[in-house]
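# A look at the structure
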Amino acid sequence: MEQTAMAFVTSVLSAAVAAGTPILYAALGEVLTERSGILNLSLEGTMLVGAVSGFLVAVRTGNLVAGVAAAAVAGGLIAALHAFLTVTLKVNQVVSGLSLTLFGTGVSGYLGKPVIGVPTPVSFKPVAVPALARIPILGDMLFNQDLLVYASYVLVAALWLFFYRTRPGLHMQSVGESPETADALGINVFATRYAYTIIGGMLTGIGGAYLSLAYAPSWIEYMTAGRGWIAIALVIFAIWNPLRAVLGAYLFGGVDALGFRIQVLGAIIPSFFLKMMPYVFTIAVLIFATARSRNYRIGAPAALGLPYERE
Amino acid sequence: MLRIRRWVVLIGVAVVLSLAMVGAGGSSFAASKFKVGFIYVGPIGDAGWTYAHNEGRKYLEAQLPNVETVYVESVPEGGDCERVLTQLAEAGCKVIFATSFGYMDFVQNVAARYPNVVFMHCSGFKTAKNVGTYFGRMYQPRYLSGLVAGKMTRKNLIGYVAAHPIPEVVRGINAFTLGVRAANPNAKVKVVWTNTWYDPAAEKEAAKSLLEAGCDVIAQHQDTPAPMQAAEEKGCYGVGYNTDMRQFAPKAVLTAPIWTWGPYYVKTVKAVQDGTWKSEQYWGGMEEGVIDIGPYGPMVPEDVKKLVAQKKQEIIAGKLVVFAGPLKDNKGVLRVPAGKAMTDAEMLSFDWFVEGVDGTVPK
């Protein structure tokens, strides 16, 4: 009854992508937001609001697209609040982000009360891509997933092109690096920061909906279980690059997925330790990323976290 | 029933905790009714532990028309629950059921201040003159559900998604395994620990890892139906827990060991009303009706149902004792000699697996 090594590797990698996807969405959203100079620490709360909104709408309408759209709108609303507080009112970005985390946690618990323990009539199921899914190992890992996973591939590519190959992408980065210069060039710093904070929040909301509509279709208070914080750490690991965010998210998902499977193999490692692994990994990643950015002088956008005031 | 409204109040920016504040709305008690309070750790719709207690509360209200119940849900195990307990006592409750282990010390504190109120604490071990504890011998229906799983497995490998490594969970795994092997001596039970009570994502992932390792029936101890959903997705079977979980995975759920608190709540409240109630540590078995084996899915054949019904009668009659010797642990050491049965104290401190369990108890 033992599995073959290949089946084991395939199952871990496939689970890694599924477990990494909600974090990937949130991390991509945060990359976008931080690139424009706004630090948004509310991902945990925003994901929860996205998860509950998506679930509520999917249960009521029976429509997954409506659910995901609702999650994006809800995430965008929380982010708009963050933008209003930090861009317009110039509130400390850390304080605003943390309070919105608490706000999101409370609001999601309140909104979700009627649907706790309610089964959803619809959920995202894996759809194999013809031909591609038959590639050994990689096929099952990348092309036997659900539509939200495929959408994330497109999103990563689109973001990469946007950052490095388009003029608006360049404008966004200049706002994050030196808002004064951007302003002098005629770029509207406030509008830019509002826009990317809100889009970032929408992606984070979709990350939450992935949890409640695809990964474990259900709603339960605090179902993100720290994934929003991990996404923030991943942004640093990714050096604000969407491609590296993919790598980080799947690595994290892989460590997560490996935990139970190592237990099944009958390893002597205590289960508490296996459960701790993803978080140890996060800390290791932070150390690694910080050391790297010192050596190579690549790091956070220069104006990250600083409010901009016109002279 | 008095409806309790919850207002989620957001406390200021620097405050680390967000608190759910509970306000009793519309305090219009009928003065003549005997009031009974319930405090729950989870939401009443959790399809698990709290849901089962709330069904018991509804049963109590239906059976005793002179009783009025009040409940507060989602009360964390901490300082907050002392305030809620006090509030229930102040609201005139004569009996208060505190339905989570972590309420234990707070029940003691409040009970000392309200000596005329009877407090019943579920699953704890601290009593007082006006505090009793109560729990059910869940291992009995777990044994019965093991019989079903043992009959239904084709690969002779059953997965068990285990919660926290505490005696209650270990006892459940052991009873289940004894049931499995009574029906099918070749079957094994593979255990994975999640260290959660309620994390659907983790529990589903744990179930998937067992299914990938070749298990074709999944049993669980957590309060979410996520392991059952994982079984359904793979076209395998599952044994739920707490309540009938068939609505979440209709093609997978064979049955479930379930809580049926209603009759016990009626009995206890009646005893308090008659003045015959005395503090005790109650651990009720199947003969008391606190626990049962849930309804069956359509795939369970009649002869399996008949076998379970027969074994259930033997348990009720005291002819079948789940943890009776000879019992070996999963390393082959004889732990309970033939002719002996484990005592309650031994069962309450279980820290080893019986023969047939593939797994370890983390120390």
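Cut-offs and rules
Residues numbered from 1 in each chain as written. Chains lettered and ligands numbered in written order. Predicted model: local features only at pLDDT ≥ 70, side-chain atom pairs only at ≥ 80, totals over all residues. Heavy atoms only, no water. Helix = DSSP H or I, 4+ residues; strand = E, 2+ residues; numbered from the N terminus. Areas by Shrake-Rupley, 256 points an atom, 1.4 Å probe, with all protein chains shown as cover. Contact = heavy atoms within 4.5 Å. Buried area = accessible area lost by both parts, 1.4 Å probe. Salt bridge = Lys/Arg side-chain N within 4 Å of Asp/Glu carboxyl O. Polar contact = N/O pair within 3.5 Å; in protein donor to acceptor, adjacent residues only side chain to side chain. Nonpolar A, V, L, I, M, F, W, Y, C, P; charged D, E, K, R; others polar. Pairing = 2+ DSSP bridges. Axes fitted to C-alpha atoms, helices over the stretch in contact; angles between N-to-C directions. Parallel < 35°, antiparallel > 145°, perpendicular 65-115°, else oblique. Left-handed = near helix turned anticlockwise from the far one by under 90°. Core = buried A, V, L, I, M, F, W, Y, C linked by side-chain atoms within 4.5 Å. Buried < 20%, exposed > 50% of the residue type's maximum accessible area, 1.4 Å probe, protein only. Expected span 1.5 Å × (residues − 1). pLDDT = per-residue confidence, 0-100. Arc of directions from axis to C-beta. Domains from an automatic or database assignment.

## Some words on the overall build of chain A
Secondary structure summary: chain A contains 12 helices and two strands in total. Listing each helix as α and each strand as β along chain A from the N terminus yields α-α-α-α-β-α-β-α-α-α-α-α-α-α. Surface accessibility of chain A: about 12800 Å² in total, with carbon and sulfur atoms responsible for 70%.

## Structural notes on the interface of chain B and chain A
Taken together, the contact pairs 40 residues of chain B with 32 residues of chain A. Both faces combined, the contact of chain B with chain A buries some 3200 Å², and carbon together with sulfur accounts for 62% of it. With its nearest N and O atoms 2.8 Å apart, the salt bridge here joins R261 of chain A to E212 of chain B. Joining chain B to chain A, the criterion identifies eight residue pairs in polar contact (both at pLDDT 80 or more). Sorting elements by how many residues they give to the side of chain B that touches chain A places helix α6 (residues 200-212) of chain B first, with 10 residues. For the side of chain B that touches chain A, a count of residues per class yields 21 nonpolar, nine polar and 10 charged.

## A closer look at the sheet that holds strand β6 (residues 118-122) of chain B
Residue and element names in this part refer to chain B. Across the sheet, six strands lie side by side as β4-β3-β5-β6-β7-β14; this open sheet has parallel pairing. The open sheet has two edge strands with one neighbour each: β4 (67-72) and β14 (281-284). On average, each strand axis in the sheet is inclined to that of its neighbour by 20°, with strand direction left out of account. Where helix α1 (residues 49-63) meets the sheet, its contacts fall on β3 (34-39), β4, β6 and β7 (131-136), and the angle it forms with β4 comes to roughly 160°.

## Here's the deal with the packing of helix α6 (residues 147-165) of chain A against helix α9 (residues 189-215) of chain A
Residue and element names in this part refer to chain A. Relative to each other, α6 and α9 sit at 160°, their axes nearing to 12 Å. One element, α6, and the other, α9, form an angle in the roughly antiparallel class. Two packed elements cross with a definite hand, and for α6 against α9 that hand is left-handed. From α6, L148, V149, L155 and F162 reach across to α9, where they touch Y196, L203, I206 and Y210. For the contact of α6 with α9, the residue count by class is eight nonpolar, no polar and no charged.

## Re the environment of K234 of chain B
With respect to the helices, strands and loops of the structure, K234 of chain B is situated in the loop between α7 (226-233) and β11 (237-239). Along the backbone, K234 of chain B and A207 of chain B are 27 residues apart, and their C-alpha atoms lie at a distance of 10 Å.

## Regarding the nonpolar core
Core analysis: the biggest nonpolar cluster contains 80 residues, and W261 and F323 of chain B have the highest contact counts within it. A total of eight residues in this core trace back to one element, the largest contributor, which is helix α5 (residues 167-183) of chain B. For F323 of chain B, the contacting residues outside a window of four places in its chain are Y139, R171, N174, A175, L178, A341, M342, M347 and F350 of chain B. A27, F163, F237 and V285 of chain A belong to the second largest nonpolar core, which has 69 residues in total.

## Thoughts on α1 of chain B
With 15 residues, α1 of chain B extends 22 Å from end C-alpha to end C-alpha; this agrees with the ideal 21 Å at 1.5 Å per step. Here α1 of chain B has its buried residues at W49, T50, A52, H53, N54, G56, R57 and L60 of chain B.

## Description of the sheet that holds strand β18 (residues 357-358) of chain B
All names here are of chain B. Judged by pairing direction, the sheet is parallel, and its six strands sit side by side in the order β12-β11-β10-β8-β9-β18 without closing on themselves. Each edge of the open sheet carries a strand with a single partner, namely β12 (253-255) and β18. Note: β11 against β12, two bridges, orientation parallel. Bridged to G238 within β12 is V253. Relative to the sheet, helix α4 (residues 139-152) contacts β8 (157-162), β10 (217-220), β11 and β12, its axis offset from that of β12 by approximately 130°.

## A short note on the confidence of the model for chain B
Averaged over all residues, the pLDDT of chain B is 89; the fraction at 70 or higher stands at 91%. Throughout residues 1-30 of chain B the model reports pLDDT below 50, and contacts reaching past four residues in sequence, or to other chains, amount to 49 contacts.

## Examining the packing of helix α2 (residues 43-61) of chain A against α9 of chain A
All names here are of chain A. Packing of α2 against α9 leaves a shortest axis separation of 6 Å and a crossing angle of 55°. The angle between α2 and α9 falls in the class oblique. As for the relative orientation of α2 and α9, their crossing is right-handed in sense. Between α2 and α9, the residues in contact are L43, T46, M47, G50, A51, G54, F55 and A58 and G201, T204, G205, G207, G208, A209, L211, S212 and L213, respectively. For the contact of α2 with α9, the class distribution of residues is eight nonpolar, nine polar and no charged.

## Looking at helix α9 (residues 302-317) of chain B
All names here are of chain B. An ideal rise of 1.5 Å per residue puts 22 Å on 16 residues; α9 measures up with 23 Å between its terminal C-alpha atoms. Along α9, the residues classified as buried are V304, V308, K311, E314 and I315. One side of α9 holds all its buried residues, which, seen down the axis, span an arc of 120°. Across α9 from its buried face, at more than 90 degrees, point the exposed residues E302, D303, K306 and A317.

## Here's the deal with the domain arrangement of chain B
All names here are of chain B. Looking at the assigned domains, one finds that chain B contains domain 1 (4-136 + 260-288) and domain 2 (139-255 + 294-358). Inter-centroid distance (C-alpha atoms) of domain 1 to domain 2 is 30 Å. Facing the 11 residues of domain 1 at the interface are 18 residues of domain 2. Taking both partners together, domain 1 and domain 2 bury about 1200 Å²; carbon and sulfur atoms supply 69% of that area. Contact with domain 2 buries surface across domain 1, with A47, W283 and M286 losing the most and accounting together for 54% of the total. Run the count over domain 1 and domain 2 and you get zero salt bridges. Inspection of the region where domain 1 meets domain 2 yields one residue pair in polar contact (both at pLDDT 80 or more). Of all the elements, α1 adds the most residues to the side of domain 1 that touches domain 2, at three residues. Classifying every residue of the side of domain 1 that touches domain 2 by side-chain character gives seven nonpolar, two polar and two charged.

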